[in-house]
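Structural description and commentary
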Amino acid sequence: MKKLLLFFLLVSKPIVFGQTVLNSLSLNLNNPLEDGQILNVEDVKTHDIYVFASDNKKINILKYNQSLFLTSQFTDSIRFAANRRLIGYSIGEDKNPLLYWASENLRNIRIIKYFPEVQTSRSLNFDFTDNHDYIINSFQKDNVFYVLAKEKAQQHLLLYKFENGNCEIKMFDLSAFTFQNGAGRSFSFTTLIRAYPIQKMDLNDFNPIDKTAGINKMYVNDNHIILTLDYNSKKTVVYNLNMETSEIKEKVFNLPVTKKTVQTANSFYTSNKLFQVAANKDEFVFEIKDFDSGNTIKNVSLSKNDTIQFKNSPLFLQINNNRPQVLKTTAKFLKNLADLSAGISVVKNQKNNFITFGGFVEYIDYDYLYSINEVPDMIPRTQSKMVYFDALLNENLDFIKEEQSEPLAIDNLSYFLNTSKNISLQNTLKVKGFYILSYYDLSSKQFIMRKFTDGFVRGDGNPIMNKSVFSNPATFESIKSHSSY
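Residues numbered from 1 in each chain as written. Predicted model: local features only at pLDDT ≥ 70, side-chain atom pairs only at ≥ 80, totals over all residues. Heavy atoms only, no water.

**Some points on the environment of V285**
Within the element layout of this structure, V285 appears in strand β23 (residues 283-290). Through-space distance from the C-alpha of V285 to that of L302 is 6.5 Å; in sequence the pair is 17 residues apart. Not counting the four nearest positions on each side in its chain, V285 is found in contact with P256, V257, T258, Q276, V277, A278, N299, V300 and S301. (Helix = DSSP H or I, 4+ residues; strand = E, 2+ residues; numbered from the N terminus. Contact = heavy atoms within 4.5 Å.)

Here's what the structure looks like:
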């Protein structure tokens, strides 16, 4: 769930968030809440936009040009992908899209290529081999679909590259590296990522604190996969995986130094820099390091008795999805943060860096219900706790204050989703300068595309005044045996 959360509705002059309806189209989807799936993608070479909206019987393929005019519409049977989950896409050299439909156990992928101009499709079947353990993440880059997976019984990662009906695999061997926590206890890479799954971060978008609080992260940057691992209380360990050569480079960045034992720490990578935080109930230290040299570019340290002068929002505490509370002192913020998994999120907008500092934890609690014979029935209930505040860095990495910053496009989009009814199957696509939200309106049975931009204008509607109130190379014969499309 997004942690750009609505705090309260401010009493102010009416304003509306930066959003415009781009297109609407009647679509009759069968049982969309249970069987529907939607994917909104951009051909990065032609900048055409594709929308794939499916139910349990058919898939609708809509193609828009870069001016967002509908240029073709194709409805195809979903029989070859029935009861499967849509996990990704690619665009072929002939500019036709391919979708990747995974089986429930993620051991098989049905690859279907669609030809909207001639209203046909073709399908291929792909089975992962016996040495494949499980999928870690999947992603798209330059119109190509990738799957990063763990190899069974080995300290290896496997990168599957799906392109034009072929699959190429590269293997990253991490068996030569040692993994040890701050207390000196050693463990395997397999154990680490099983216990703490690798979370994929988006370098071009906002990553919420409940996601960045994970200690193992991956970033796709050019032809590299960067893994940042914060399992050690004294350092951040980084592995740079070259997607072309399968080379692995290890980097170690010491965590910021605190006077007392660190209780929670984490990092975030962006723009060739590593942002790190370390905290306990008495201290909070933040550093920015150059990723290539490891040199510290910026260091900020404060105690529980200090006022956080650089914050651009109140200090928030949120329990579950309840209304956030404002913490009045740094001491109260640090007391809560020390018991959580710290997180830091950075997103660049033009020249400025918007930063969210915080922490998050999610756990299972139980309600006990007693029957007539007094036998308790345990009902599981997911609980969460989060603290956070916002800050702003300029291009020189100096903190700047904005008493009333305009909302970002992602804030406006989140506000719309939080305050709108009858919306299902929503999917967000970031293009140059704005976001496109695609969704199915249950009431009107229409597929709608909306454009969201930064800022707001006068009018009736959104009362948001500040963003903080949201808060081994191989090819599988099963594919090679078929000619490329």
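**A word on helix α5 (residues 409-419)**
An α-helix turns once per 3.6 residues; consequently, residues spaced three or four apart project the same way. Burial analysis of α5 places eight of its eleven residues in the buried class, the great majority of the element. For α5, every residue scored as buried is listed here: A409, I410, D411, N412, L413, S414, Y415 and F416. (Buried < 20%, exposed > 50% of the residue type's maximum accessible area, 1.4 Å probe, protein only.)

**Focus on the pattern of salt bridges**
Using the criterion set out here, one finds eleven salt bridges in the structure. For D142, the salt bridge is made with K141, and the minimal N-O distance between the two is 2.9 Å. Look at the salt bridges and you will find they share partners, linking D48, K63 and E117 into a network. (Salt bridge = Lys/Arg side-chain N within 4 Å of Asp/Glu carboxyl O.)

**A short note on unusual backbone geometry**
Most of the time, phi is negative for any residue but glycine, and the peptide bond is trans. Residue D222 is not a glycine yet carries a positive backbone phi of 55°. Within the secondary structure layout, D222 lies in the loop between β17 (216-221) and β18 (224-232). With relative accessibility at 58%, the residue D222 sits in the exposed group. Despite not being glycine, L425 shows a phi value in the positive range, around 55°. Topologically, L425 is positioned in strand β30 (residues 423-431). With relative accessibility at 15%, the residue L425 sits in the buried group.

**Concerning the nonpolar core**
Ranked by internal contacts, the top residues of the largest apolar core, which has 36 residues, are F284, F286, I344 and F357. Non-local contacts of F284, meaning those with residues more than four positions away in its chain, are made with V277, A278, A279, V300, S301, L302, L334, L337 and F357. Within the second largest apolar cluster, 28 residues are counted, among which are F172, V220, Y239 and L241. (Core = buried A, V, L, I, M, F, W, Y, C linked by side-chain atoms within 4.5 Å.)

**Notes on the side chain of K113**
If you trace the backbone, K113 turns up in strand β8 (residues 108-115). Given a relative accessible area of 0%, K113 falls into the buried group. Within the structure, the side chain of K113 is placed 3.0 Å from the side chain of D94, a separation counted as a polar contact. (Polar contact = N/O pair within 3.5 Å; in protein donor to acceptor, adjacent residues only side chain to side chain.)

**Some thoughts on the sheet that holds strand β19 (residues 235-242)**
Reading across from one edge, β16-β17-β18-β19-β20 is the order of the five strands in this open sheet, with mixed pairing throughout. Of all strands in the sheet, those with a lone pairing partner are β16 (199-200) and β20 (248-254), marking the two edges. (Pairing = 2+ DSSP bridges.)

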